[in-house]
Amino acid sequence: MNEYRTPSDKRRTRRKRKRKDNRALLMKLMIPVVIVAVIAGIFLFRKYAPSEEMADLNEYFGLTESADAVSNTAVVVNGKVLSSRAYMSGSDIYLSIDTVQDELNDRFYWDYNEQLLLYAGTDSVTRASVGTADYYIGNTSRQYKHTIVHVENDIPYISLDFVKDYTDLSYDLYSEPSRVVITTVTGTITTATCASNTRVRVKGGIKSDILKTCEDSEKLTILEELDDWDKVLTEDGYVGYVSKRKLSETTEETVDRGFEDPIYNSIKRDFEINLTWDQILKSSDNYDISTILSSAKGINVISPTWFTLNSESGDFTSFASLDYVNKAHAAGVEVWPLISDIGTDSQVCTKVLTTTSLREHLETQIIAAALEYKLDGINLDFESLSEDVGDSYIQFVRELAILCENNNIVLSADVYKPLGDSVIYNRKELGTVCDYVILFGYDEHYEGSEAGSVSSIPWVTEAVTDSIAEGIPNSKLILGVPFYTRLWEITTDSSGEPSVSSKAIGIMGEEDVITSHGVTPTWDDSTGQNYVEYNSTGSTYQMWIEDATSMEERMNIIDNYSLAGVASWRAGFETSDIWDVINSHIN
């Protein structure tokens, strides 16, 4: 029997069915919305949620799978990850000589010829051989706690502990990855502490990979403060970025490891130096000393060009004369003869300077000559060094400085204006270990160059300021001035190409050129000198004049920068009024 349904029941049924259909339709409509919302949520999460990716630390420290197994410990110096690696012998750490010199202490020197490690201190030279704990300070034998030098794959590695004995540094060794973290920074640094679980990231921003997670209150060194992130250095050698919100207020700290820097004593004269070079080409030239002493008014130092390196054994030619020295001393003038490599075969110079036994032979011969001839000083003029001999020359100067001081002999070294390859002369070190450094304030233009002044005043001023900026104290810097100029001849051939040649003329010869060609000097503002130009026999001649006016300008530079004095090249080229100008400034 069928159940009776009233009209109202039928209406309710229809309404239920309709609501069900509406819900189904709504569900169908909601599904895309939910999917879009989920996708949007995922997108927003990925966009704004911090990255949990860890950086590849082996890659960060340069420890790839192809790394040399002999030296697979990273080296971090003041937050910089070096390309070189440390060599480990048990728990002892060794660094390559290049790393030591470039990053920690450039006074360590390696002799590749005789396989020796040297360190020239203030009063003695320390030396160590390969594969032993034995070493010498001067002539005194010592023994270290472990081997000082290892050579692996032809690379010398130096004990970091041994380096630390001579260097203001601290270090720690860490594992996973293996790395040695070295600090040489002293003075004031900025630090802050971080909250627990603070992430140090490779770059600023939450999406950058994580280098490490800091412990609560771990101290970080602030390297650079940015808007929202700070660049930091962790104590275990990571350089990365931390959100400012995770850092405490910064504080200033003073780093002082108690290391005492070596103090290099200098022999300082209590008068301004007025030196002139005396060109000696043969023994008989020494007889002119009386003439020079009578004409070179006011000089207190003379430098005869007596010694020239001439042998792979470290010997040199000598025109030294005790009579010359006695006459100079009788006139109250000190004698600082010059020893040079001018005319020496470059291979001879290279072999002597890069081989410790030969270099020491040269040094002892110099001191022996100084004592034999009662010399007051030595002047070094090595002008033809190749780039790969620069370190050896500086080592030569360091070692010679010790011997000179021990024998109360003034040591001076000559340098040109800081330019290009002349960086090998390490002016800062010369200014530290030498008693005086003489700056050649000439040869701005030279034989073979384009025409121009040998020593324009702006150029000389720049040479002085650059030399001081490179580390030569003005109290040790002597300005070399020219007693000569160059007469330039410019000739144009039939094709219109000019050729330039020149010859050196002493100051006393300039007037002959001027009068014989009937020219009147004019002032050249750009060089701070008088200038003449004339035409003769189809050529143009130019001469920037050295005279009392230009010398006055140079002496003003000496006064303005409180330099140690003046040195002139060379005696016999000058006129008497030049000495009047010099002596009006030199005390």
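See the structure above.
Notes on the structure in this doc start here. (Residues numbered from 1 in each chain as written. Predicted model: local features only at pLDDT ≥ 70, side-chain atom pairs only at ≥ 80, totals over all residues. Heavy atoms only, no water.)

Some details on the overall build of the protein chain
Then, number 1: From N to C terminus, the protein chain includes 14 helices and 35 strands.
Then, number 2: Relative to the globule expectation of 25 Å for 587 residues, the C-alpha radius of gyration of the protein chain, 37 Å, shows a markedly less compact shape.
Then, number 3: When the backbone C-alpha atoms are referred to their principal axes, the protein chain occupies close to 155 × 70 × 50 Å.
Then, number 4: Taken over 587 residues, the protein chain has a buried fraction of 48%.
Then, number 5: A separation of at least 24 residues holds for 66% of the contacts in the protein chain among residues at least 6 apart in sequence.
Then, number 6: As displayed, the protein chain has an accessible area near 28,800 Å², and 48% of this comes from carbon and sulfur atoms.
Then, number 7: Across the protein chain, the mean location of the 51 positive side-chain charges is 27 Å away from that of the 92 negative side-chain charges. (Helix = DSSP H or I, 4+ residues; strand = E, 2+ residues; numbered from the N terminus. Rg over C-alpha atoms; globule rule 2.2 N^0.38 Å. Buried < 20%, exposed > 50% of the residue type's maximum accessible area, 1.4 Å probe, protein only. Contact = heavy atoms within 4.5 Å. Areas by Shrake-Rupley, 256 points an atom, 1.4 Å probe, with all protein chains shown as cover. Lys, Arg positive; Asp, Glu negative; His and termini not counted. Charge placed at Lys NZ, Arg CZ, Asp CG, Glu CD.)

Comments concerning helix α11 (residues 457-469)
Then, number 1: Taking 1.5 Å of rise per residue, 13 residues should cover 18 Å, and α11 covers 18 Å from first to last C-alpha, within 8% of that figure.
Then, number 2: Buried residues along α11 sit against β28 (436-440), β29 (477-482) and α13 (548-560).
Then, number 3: Gly471 lies just past α11 and shows a positive phi near 115°. (Expected span 1.5 Å × (residues − 1).)

Description of the packing of α13 against helix α14 (residues 576-583)
Then, number 1: Viewed as axis vectors pointing N to C, α13 and α14 meet at an angle of 20°, and their least axial separation amounts to 9 Å. Judged by the angle between their axes, α13 and α14 are roughly parallel. For α13 against α14, the interelement crossing comes out right-handed. On α14, the residues touching Ala548, Met551, Glu552 and Met555 of α13 are Asp577, Ile578, Val581 and Ile582.
Then, number 2: In the contact of α13 with α14, the residues fall into six nonpolar, no polar and two charged. (Axes fitted to C-alpha atoms, helices over the stretch in contact; angles between N-to-C directions. Parallel < 35°, antiparallel > 145°, perpendicular 65-115°, else oblique. Left-handed = near helix turned anticlockwise from the far one by under 90°. Nonpolar A, V, L, I, M, F, W, Y, C, P; charged D, E, K, R; others polar.)

Details of the pattern of salt bridges
Then, number 1: Using the criterion set out here, one finds 23 salt bridges in the structure.
Then, number 2: Residue Glu103 is joined to Lys80 by a salt bridge in which the shortest nitrogen-to-oxygen separation is 3.1 Å. With a gap of 23 residues between them, Glu103 in helix α3 (residues 97-104) and Lys80 in strand β2 (residues 80-89) connect regions that are remote in the sequence.
Then, number 3: A relative accessible area of 26% places Glu103 in the partly exposed class.
Then, number 4: The exposure class assigned to Lys80 is partly exposed, which follows from its relative accessible area of 42%.
Then, number 5: Linking Asp285 and Lys282 is a salt bridge whose minimum nitrogen-to-oxygen distance equals 3.0 Å.
Then, number 6: When its relative accessible area of 13% is taken as the criterion, Asp285 is described as buried.
Then, number 7: Salt bridges sharing partners connect three or more residues here, namely Arg179, Lys212, Glu218 and Asp236. (Salt bridge = Lys/Arg side-chain N within 4 Å of Asp/Glu carboxyl O.)

Description of the pairing of strand β11 (residues 170-174)
Then, number 1: Pairing of β11 with strand β12 (residues 179-183) involves five bridges; the strand directions are antiparallel. Counted as the bridge partner of Asp172 is Val181 from β12.
Then, number 2: If you look at the hairpin formed by β11 and β12, you'll find four residues sitting between the two strands, and Glu176 has a positive phi there, around 50°. (Pairing = 2+ DSSP bridges.)

A word on the packing of aromatic side chains
Then, number 1: Scanning all chains against the criterion turns up 30 aromatic pairs.
Then, number 2: Geometrically, the ring pair formed by Phe483 and Trp579 is edge-to-face, given 5.4 Å between the ring centres and 90° between the ring planes. Of the two residues, Phe483 sits in the loop between β29 and β30 (484-492) while Trp579 sits in helix α14, which places them 96 residues apart along the sequence.
Then, number 3: Between Tyr534 and Tyr541, the aromatic rings sit 5.1 Å apart at their centres with planes inclined by 10°, giving stacked as the arrangement. Note on accessibility: Tyr534 and Tyr541 belong to one class, buried.
Then, number 4: Members of the aromatic cluster, connected to one another through ring pairs, are Phe108, Tyr119, Tyr135, Tyr144, Phe162 and Tyr166. (Phe/Tyr/Trp six-rings, centres within 6.5 Å; stacked < 30°, edge-to-face > 60°.)

What about the sheet that holds strand β7 (residues 134-137)?
Then, number 1: Strand order in this open sheet of five strands is β4-β5-β6-β7-β8, and the pairing throughout is antiparallel. Across the chains shown, the open sheet's two edge strands, defined by having one partner strand only, are β4 (108-111) and β8 (140-143). Within the sheet, the average angular offset between the axes of one strand and its neighbour, ignoring direction, is 25°.
Then, number 2: Bridge count for strand β6 (residues 125-129) against β7 is three bridges, and the pairing is antiparallel. The residue bridging Arg127 from the neighbouring strand is Tyr136, located in β7.
Then, number 3: Docked against the sheet, α3 engages β4 and β5 (116-120), running at close to 155° with respect to β4.
Then, number 4: Set on the sheet, helix α9 (residues 390-406) makes contact with β4, β5 and β6; between it and β5 the angle comes to about 55°.

Some thoughts on the nonpolar core
Then, number 1: Formed by 103 residues in total, the largest nonpolar core has its most connected members in Leu117, Leu380, Tyr393, Phe396 and Leu430.
Then, number 2: The element best represented in this core is α9, accounting for seven residues.
Then, number 3: Listed in part, the 18 residues of the second largest apolar core include Leu57, Leu211, Leu220 and Val242. (Core = buried A, V, L, I, M, F, W, Y, C linked by side-chain atoms within 4.5 Å.)

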